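Structural overview for review
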Amino acid sequence: MVKKLGTEHFETTVNTINGPYLLKFGSTTCGPCQMMIPVLEKLSLQNPDFPIFDIDTNESPELAAHFNIRSVPTMFFCENREVIMDLNGLTPYKDLQYIIDNINDPHLREHGEFNVVKKRDNFIPYLISGIIAFILLLIFI
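So, here is what we can say about the structure in this document.

Rules behind the numbers
What you see as residue numbers is a count from 1 along each chain, following the sequence as written. Only residues with pLDDT of 70 or above have their local features reported here, since the model is predicted, and side-chain atom pairs are shown and tallied only from 80 upward, although totals for entire chains, interfaces and linings are computed over all residues. Hydrogen atoms and water are omitted, and side-chain values are computed over all heavy atoms in the structure. Think of a nonpolar core as a cluster: buried Ala, Val, Leu, Ile, Met, Phe, Trp, Tyr and Cys residues, connected wherever their side-chain atoms sit within 4.5 Å. Burial classes follow relative accessibility: with a 1.4 Å probe on protein chains only, a residue under 20% of its type's maximum area counts as buried, one over 50% as exposed, and anything between as partly exposed. Secondary structure counts use DSSP, requiring at least four H or I residues in a row for a helix and at least two E residues in a row for a strand, with both numbered from the N terminus. Residues count as neighbours in contact if any of their non-hydrogen atoms are within 4.5 Å of one another. The disulfide criterion used throughout: a pair of cysteine sulfur atoms within 2.5 Å. When DSSP finds two or more bridges between two strands, those strands count as paired. Without a salt bridge and with relative accessible area above 30%, a residue can belong to a patch; like charges are then joined within 9 Å and nonpolar side chains (Val, Leu, Ile, Met, Phe, Trp, Tyr) within 5 Å. All accessible-area figures derive from a Shrake-Rupley calculation using a 1.4 Å probe, and residue coverage is judged against the displayed protein chains alone. The salt bridge criterion pairs a side-chain nitrogen of Lys or Arg with a carboxyl oxygen of Asp or Glu, the two atoms within 4 Å. Under the pairing criterion, centres of Phe, Tyr and Trp rings, with the six-membered ring standing for Trp, must be within 6.5 Å; the plane angle then separates stacked pairs below 30 degrees from edge-to-face pairs above 60, leaving the rest tilted.

Re the nonpolar core
In this structure, Leu-22, Leu-40, Leu-43, Phe-77 and Leu-96 are the most contacted members of the largest nonpolar core, which totals 18 residues. Looking at this core, the elements that each hand over two or more residues are helix 2 (31-46), strand 4 (74-79), strand 5 (82-88) and helix 4 (93-101). It is helix 2 that provides the largest number of residues to this core, a total of four residues. Counting residues in each nonpolar core, the second largest holds 15 residues, with Ile-17, Tyr-21, Phe-25 and Cys-78 among its members.

Examining the side chain of Glu-79
By the secondary structure assignment, Glu-79 is in strand 4. Accessibility expressed as a relative area gives 17% for Glu-79, which makes it buried. Setting aside chain neighbours within four positions, we find Glu-79 in contact with Gly-19, Pro-20, Tyr-21, Ile-84 and Arg-109.

Re the state of the cysteines
In the structure shown here, the tally under the stated rule is one disulfide. Across the disulfide from Cys-30 sits Cys-33; the S-S distance is 2.5 Å. The S-S bond linking Cys-30 to Cys-33 shows a torsion near 80 degrees; that makes this disulfide right-handed. We note that Cys-30, like Cys-33, is buried.

Structural notes on the sheet that holds strand 4
With mixed pairing, the five strands of this open sheet are ordered in space as 1-3-2-4-5. Every other strand in the sheet has two partners, leaving strand 1 (3-4) and strand 5 as the edge strands with one partner each. Sheet analysis places strand 2 (residues 21-26) next to strand 4, joined by five bridges and oriented antiparallel. Residue pairing across strands places Phe-25 opposite Thr-74, the latter belonging to strand 4.

Observations concerning a nonpolar patch on the surface
A cluster of nonpolar residues, Phe-123, Ile-124, Leu-127, Ile-128, Ile-131, Ile-132, Phe-134, Ile-135, Leu-136, Leu-138, Ile-139 and Phe-140, forms a patch on the protein surface that exposes about 1200 Å² of accessible area. Mapped onto the elements, Phe-123 comes out in helix 6 (residues 123-140).

Some details on the pattern of salt bridges
Under the counting rule described, the total for this entry stands at four salt bridges. Note that Glu-11 and Arg-81 form a salt bridge whose closest N and O atoms lie 3.0 Å from each other. You can see Glu-11 sitting in helix 1 (residues 7-15) and its partner Arg-81 sitting in the loop between strand 4 and strand 5, a full 70 residues away along the chain. Salt bridges sharing partners connect three or more residues here, namely Lys-4, Lys-24 and Asp-54.

Some words on the packing of aromatic side chains
On inspection of all chains with the given rule, the structure shows six aromatic pairs. Judged by centre distance (5.1 Å) and plane angle (50 degrees), the rings of Phe-25 and Phe-67 are tilted. With Phe-25 in strand 2 and Phe-67 in the loop between helix 3 (61-66) and strand 4, this residue pair connects regions lying 42 residues apart in the sequence. Look at Phe-67 and you get buried, because its relative accessible area is 16%. Relative to Phe-76, the ring of Phe-25 has its centre 5.8 Å away and its plane inclined at 85 degrees; by these criteria the two rings are edge-to-face. Here Phe-25 is found in strand 2, whereas its partner Phe-76 is found in strand 4, with 51 residues between them in sequence. The two residues Phe-25 and Phe-76 agree in class, both being buried.

Structure (structure tokens):
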């Protein structure tokens with residue numbers, strides 16, 4: 001279950017958590033924030049041991065200022081009072097679940113992002129090879 005969290009209980013709550021947790025900053029007047037509520041509820045049901053907190057920026061402006069919130073929804077995956085990864089805007093359930101499943105990835109911990117191996121683009125080498133083959137074909141014909 002997603003728990004409401006405000007300025008008055010923030011310190012005591014965060015200091016008692018062992019392991020990673022998610023802070024979601026939003027507002028009741030924000031449409032995308034309201035759209036994230038069912039996503040976070042499902043995430044909470046699927047991961048009952050992973051604490052998820054909802055912080056209303058209107059009710060806790062001090063926390064919003066401390067975390068430098070510029071837009072909502074903004075989410076922070078944290079551990080030991082340190083931000084591991086931050087996300088802005090609507091985020092699909094599968095992406096949030098992927099982060100929870102891979103929260104101990106060393107690259108994520110160091111860089112705040114996942115190490116995505118990009119496929120090599122072979123267009124230019126193939127183009128050059130094709131041009132050379134075409135020129136050789138013209139020469140020998």
